[in-house]
4 protein chains.
Amino acid sequence: MSSRDGRAFCIQIFGESHGPVVGVTLDGLPAGILLDENEIAAFLKRRAAAGSPIATGRKEEDLPHIVSGLKDSFTTGYPLTALFYNKDAHSADYGFLPDCPRPGHADYPAIVRSHGYDDLRGSGHHSGRLTLPYTFAGAVAIQVLSQLGMEIYSHVVSVGDVKDDELDPLCPDTAALKKALSHPVPALNKAASQQMFDAILAAKAEGDSLGGVVEVVCTNAPVGLGAPWFDGVEAVLAKQFFSIPAVKGVEFGAGFAAATMHGSQYNDPYQCADGKVQTVSNNAGGLLGGLTNGMPITARVAFRPTPSISKAQQSISLSALQAGNEAAKILEVKGRHDPCVAVRGVPVVESAMAVGLLELWLERNGDQSLTGGIPHAEK
Amino acid sequence: MSSRDGRAFCIQIFGESHGPVVGVTLDGLPAGILLDENEIAAFLKRRAAAGSPIATGRKEEDLPHIVSGLKDSFTTGYPLTALFYNKDAHSADYGFLPDCPRPGHADYPAIVRSHGYDDLRGSGHHSGRLTLPYTFAGAVAIQVLSQLGMEIYSHVVSVGDVKDDELDPLCPDTAALKKALSHPVPALNKAASQQMFDAILAAKAEGDSLGGVVEVVCTNAPVGLGAPWFDGVEAVLAKQFFSIPAVKGVEFGAGFAAATMHGSQYNDPYQCADGKVQTVSNNAGGLLGGLTNGMPITARVAFRPTPSISKAQQSISLSALQAGNEAAKILEVKGRHDPCVAVRGVPVVESAMAVGLLELWLERNGDQSLTGGIPHAEK
Amino acid sequence: MSSRDGRAFCIQIFGESHGPVVGVTLDGLPAGILLDENEIAAFLKRRAAAGSPIATGRKEEDLPHIVSGLKDSFTTGYPLTALFYNKDAHSADYGFLPDCPRPGHADYPAIVRSHGYDDLRGSGHHSGRLTLPYTFAGAVAIQVLSQLGMEIYSHVVSVGDVKDDELDPLCPDTAALKKALSHPVPALNKAASQQMFDAILAAKAEGDSLGGVVEVVCTNAPVGLGAPWFDGVEAVLAKQFFSIPAVKGVEFGAGFAAATMHGSQYNDPYQCADGKVQTVSNNAGGLLGGLTNGMPITARVAFRPTPSISKAQQSISLSALQAGNEAAKILEVKGRHDPCVAVRGVPVVESAMAVGLLELWLERNGDQSLTGGIPHAEK
Amino acid sequence: MSSRDGRAFCIQIFGESHGPVVGVTLDGLPAGILLDENEIAAFLKRRAAAGSPIATGRKEEDLPHIVSGLKDSFTTGYPLTALFYNKDAHSADYGFLPDCPRPGHADYPAIVRSHGYDDLRGSGHHSGRLTLPYTFAGAVAIQVLSQLGMEIYSHVVSVGDVKDDELDPLCPDTAALKKALSHPVPALNKAASQQMFDAILAAKAEGDSLGGVVEVVCTNAPVGLGAPWFDGVEAVLAKQFFSIPAVKGVEFGAGFAAATMHGSQYNDPYQCADGKVQTVSNNAGGLLGGLTNGMPITARVAFRPTPSISKAQQSISLSALQAGNEAAKILEVKGRHDPCVAVRGVPVVESAMAVGLLELWLERNGDQSLTGGIPHAEK
């Protein structure tokens, strides 16, 4: 059981929601990569609550303190660790734990798994707060991929029943994707975005929450990344996506819709365009047999509604159960939570894609690939 | 890039479709586990084509030759290797390769990845033939899990537009699931099964193929397997599911439908039943925060239609492209293929779930857990 | 390339000698283990320079700040991270780098490896300072092993030409080993210890350094830990020992002397003693075929003399070499260094043994083994 | 517990001494590497007993059957598996097992570890027979390294008390090393080689065995392979060396002798020679801070005497012990064994060095590094 992943690009996450620090160590970054810390901060801000009415009221600075692996803005080739201090935790809100587990949360199995030694306040190591160091890892990976020509974009496909416009998987409108970031919810269609925002506010007003779907795309990936089987791009990316708390579904390209299609309809025919091998459609989402085929990589990631709601819910008292007494109990949770995690999940999904693709790229190209030609004296 | 996975229970797959052998090594099995080789053979038979009109015409015996790690039907605690001999490969069917890549297949990116050194005949290491040793791994894992009380079942949810009955995720009808195995396609509803069968035959008659969805469930898993983040049950199982060729979507519990729900609707309330903590509904598919909660684990796995079809398709000639000539080319593939991989994929999906759960179980309990109390003299 | 190791018990080290922090994350510790922080501090003090005339003049507090994974002195079962702040670094002492690499140091290959982006001050991530977080990992592992009955001891076998008394490998004198900690150098023989001390002081006075050998022993290990091949106890422990900077030789049991012996002399005959299987001698150092046999595990670890000396040394100017000029250069290094790293290396060697054995123990027994019987309500 | 190792270049060994097959899968080899199967066979022959009076009488063909990953003598970039059939096993020789464990062998801890389910005949998976597939892995790695300019040589430094000439670590005499292969024992000095041979024959005549030391060297390794800590070259190579059965000591460069030296004597001064950075001496064995420095990499590996001897030895009866009866027992083993495993261990040691260095090289350069420039159409 571990909170680390990756061979060539290894991420180790640590920290608890109400402990002093959450953080991450990135091991395997080549030496000599220029990182723009302002860009990292800007990317992390997209995940931050930032006073939005549709985000948690918890106020955290969310500034990374990089304590190793970076010198004069260049990576040293040794582990890069970033720390984030927790300052606005309200542990008193969790007095019902460990006796009365919240429905939809990890509380009950976490108590069993840890024999009661888990730090359950704010969900401990299970907390969405841990997506902060993960998103830091993503911000770094995105910069590295960008230096290799790859760009990652995403939008909210749906919130509850509200749907965004469809993205063209062959030729995604990157200008529209960038513009979506200025909408109330990062959807392509501004009216849909406003409806999503209103639906979330309405759910919040009722002490409830909503689910949503995020679509993510990577342009300009080289042909031939990945492998059959366990290093297949789908396998590697899905592992990252499903590591994000609240994700319950992942599909690539046409995804579940592919299961309703005939092969003659699904297979993407080849053509030659701009002197390159391209496909005429992109049902495969840029992935054939676990390998990138040079077309945009597309995936959709489904988030369940936030488990934390303030509506009364049916739970049980574990101590009453052990004592052989009537265990049923009505639970009302206070806390401060996002009414729709899919929205703040957008940069987390981008991070997951970037982390997975950088792992595959480094496995293929090695850790000196990015700097091989730079003589030390010219640094 | 590798064809191995797992830490505590490591699977190493090897072989090519038209090479002499495909096989698998299982490393990490505890010593002293009794394996029933007849049951393994019976399980593999569910994956075999076996003369079915809706399966490939390739005839293979598919009998495992276990060459290490098993003595007198008990595991030795050392690597267990099984070999399968390839006898009915028709390499002449693949003369169009490597010049003219098949749409929907790995051919083109595999050529780029391997710089032309891949063995493309029958898709080489990318072939569905490799699901044979993987299903062997699954057959072994299923037996071990079964000795621990866990059982795995599955059915075909849909083929094209034909849908099976829904399975109750709280209390799956295991008798019906067992009976489904005797239907033309392993669906719960016999009439739907027949319609699926007919739809596949019709696609085949047109030189076409069809997609489908498989649902899989594990009963009786202990509470607290898994972890947050990268060892989360969803993350680990999804990596296995997406390693299966042709899988393009995976969801757990309510899955994508969860994204349309409110939290008050999605969260599974707790109750006390039979002296145990249970949930009233099972939208979470038995998984909270990456951990098992003791309810049935449910997942759905979407297969795209088989890429191999005999209908004419638009492709290109790579040599013509390199020579600067007109590259467009119409491709007609012969070969022998399943018109709907989802059907033969059923035991492969069960295998994926078993492999992932055994990995998590062994990480949690160690490799001497199954035999700890058995003194050698009593063997 | 990475600074992490272990599957069941994973250690991730990070930090640079002259950066703000060095630290370590331990991933895989079972939940519910009571850690005594005073004991950890006491163990780390054995590694600290502590004003000794035979240790570096660098003054650091060396107190661990545990920022995750521990609650009320019990492990939570999630990553445990400890940070150590660097406060007394003198970066100005390293002005000769990166132009003029120090003989015996990693400077030159590290410059090439990182294309000049390494942080070379105080040897950066290569520094002996990183043994501090590693020794923290060891201190934790030693406490866990101790709760399982295993104890680890060590002494300085030799410094330069001065030799300590031999330790009985069958029945090590643990009282004498404990007493050795109060000697000027932790050797069994007090007179030898004083001679070692004097020899180190004499080397220091000449601006020179000395090598030494450390012997380490683990008592009461269970029979059957380890495996043949790559998880063999020797393989796993040697990887840990050789990860310590300055270690150039490792032997188990009779070690190199075994190569001069006949089988009839080397093989340890079996006997029954106290109702248990024991050996009459212990040339194998408690290890047969990569497995523990229940006898004391013994190893000797050779440290080269500290590379940092203040005597003038012959080096080159890399910039002169690149410019095609005369590159030879005489280097005089200031800095503050230990004249004999073997002495402060003693707890580091104990840590290496503990880390390796805990990894093997957890692989064998799983991560819930230590707390399996503890009901959460009784916590 | 596992019989696999490596991340970028993963080796999975399988098989038992008296099972039908021993074999190995190599996962991570780049595509497009030309392998010379005759050279592989020739290398394996150096390990074979080949009717020598100082080797086991067991007669095996030892020819690799490559069943995957190779096409037209080029690697495909997918797992490469080689099988070796066991044909001359005499299981009847092991009737004393599992009751009466052989001193010096893994029998007793292996019985405990596997709870009696181990296949002990011929030592099962612990057998030296498994060095055959391992040496196959080495033969492949040596060819790949050779294509990168690196060459590996070795000689027997000592057998019992007989010593070979010393090898110059700065500039090893490769002609002499090649010539040593034609001597009765592969030592540089022909007279010493004959004395070693005679000493082994004498030990054999007495039903006894002898230990020995092998020295191995790699020339022309690039500067900067490896890393500090757990991917240090010493750590990685030592893990490989100690994985070889019967190895009990490993040292690099001056090794244990370094512990008797002063820093001013040990540190290798730099000079500029042939326009390159070189050292004046090579006490470090080409390794500084876990990194290659471009000088020859040198290591010495100590083998204990073969545990299998026919002289009577003192053991116990496990069943008598369990029954509470007198357990002492005199054991006389028949079997067929090498009287000095160090001699046949020479190519195994070379293999270990090659496997470790290829792992580090592929981590650094990625798996497409060897073939990156080869366009598929020109194959």
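Residues numbered from 1 in each chain as written. Chains lettered and ligands numbered in written order. Predicted model: local features only at pLDDT ≥ 70, side-chain atom pairs only at ≥ 80, totals over all residues. Heavy atoms only, no water.

### Here we look at the packing of helix H6 (residues 233-243) of chain B against helix H10 (residues 346-365) of chain B
Residues and elements named next belong to chain B. With their axes 8 Å apart at the nearest point, H6 and H10 run at an angle of 140 degrees to one another. Between H6 and H10, the angle falls in the class oblique. Along this stretch, H6 crosses H10, giving a crossing that reads as right-handed. Facing Val233, Val236, Leu237, Gln240 and Phe241 of H6, the residues of H10 in contact are Val349, Ala352, Met353, Val355, Gly356, Leu357 and Leu360. (Axes fitted to C-alpha atoms, helices over the stretch in contact; angles between N-to-C directions. Helix = DSSP H or I, 4+ residues; strand = E, 2+ residues; numbered from the N terminus. Parallel < 35°, antiparallel > 145°, perpendicular 65-115°, else oblique. Left-handed = near helix turned anticlockwise from the far one by under 90°. Contact = heavy atoms within 4.5 Å.)

### Some details on the relation of the copies chain C and chain B
Of the transformation placing chain C onto chain B, the axial shift is 0.0 Å and the rotation is 180 degrees, giving an RMSD of 0.0 Å. Here the transformation between the copies is reduced to the relation of a two-fold axis. Within chain C, Gly366(C) has its C-alpha nearest the rotation axis, a separation of 1.8 Å. The share of interface residues of chain C whose copies in chain B are also at the interface is 100%, consistent with both copies meeting through the same surface. (Least-squares fit on C-alpha atoms with pLDDT ≥ 70 in both.)

### Overview of the side chain of Asn293(D)
With respect to the helices and strands, Asn293(D) occurs in the loop between strand S15 (291-292) and strand S16 (297-303). Looking at Asn293(D), its side chain comes within polar contact range of the main-chain nitrogen of Met295(D), at 3.0 Å. The contacts of Asn293(D), once residues within four sequence positions are left out, are Tyr108(C), Pro109(C), Val223(D), Thr279(D), Gly286(D), Leu287(D) and Leu288(D). (Polar contact = N/O pair within 3.5 Å; in protein donor to acceptor, adjacent residues only side chain to side chain.)

### Some details on the side chain of His125(A)
Examined against the element boundaries, His125(A) turns out to sit in the loop between helix H2 (107-113) and helix H3 (131-147). Apart from the residues lying within four places of it in its own chain, the contact partners of His125(A) are Ser3(A), Ile13(A), Phe14(A), Gly15(A), Glu16(A), Asp119(A), Leu130(A), Pro228(B), Trp229(B), Tyr78(C) and Pro79(C).

### Quick look at the interface of chain A and chain B
In this assembly, 102 residues from chain A lie in contact with 102 residues from chain B. When chain A packs against chain B, close to 8400 Å² is buried across both sides, 66% of that on carbon and sulfur atoms. Considering only the surface of chain A that becomes buried against chain B, Trp229(A), Phe230(A) and Lys248(A) emerge as the three largest contributors, covering 12% of it. Across the contact surface, chain A and chain B share two salt bridges. Here Glu234(B) and Lys248(A) are joined by a salt bridge, their closest N and O atoms 2.9 Å apart. With seven residues, helix H6 (residues 233-243) of chain A is the single largest residue contributor to the side of chain A that touches chain B. Of the residues in the side of chain A that touches chain B, the class split is 51 nonpolar, 33 polar and 18 charged. Where strand S11 (residues 247-252) of chain A lies against strand S11 (residues 247-252) of chain B, three bridges are found, and the strand directions are antiparallel. Looking at the pairing, Glu251(A) lines up with Gly249(B) of S11(B). (Buried area = accessible area lost by both parts, 1.4 Å probe. Salt bridge = Lys/Arg side-chain N within 4 Å of Asp/Glu carboxyl O. Nonpolar A, V, L, I, M, F, W, Y, C, P; charged D, E, K, R; others polar. Pairing = 2+ DSSP bridges.)

### Some points on the sheet that holds strand S3 (residues 21-27) of chain C
Strand pairing in a sheet is mediated by backbone hydrogen bonds. Such pairs are either parallel or antiparallel. Residues and elements named next belong to chain C. Strand order in the open sheet made by the five strands is S1-S2-S3-S7-S4, with antiparallel pairing throughout. Edge strands, defined here as strands with exactly one partner in the open sheet, are strand S1 (4-5) and strand S4 (65-68). Note: S1 against strand S2 (residues 10-15), two bridges, orientation antiparallel. Bridging across to S2, Asp5 finds its partner in Ile11. Contacts from helix H3 (residues 131-147) reach S2, S3, S4 and strand S7 (80-85), with the element oriented near 30 degrees to S3.

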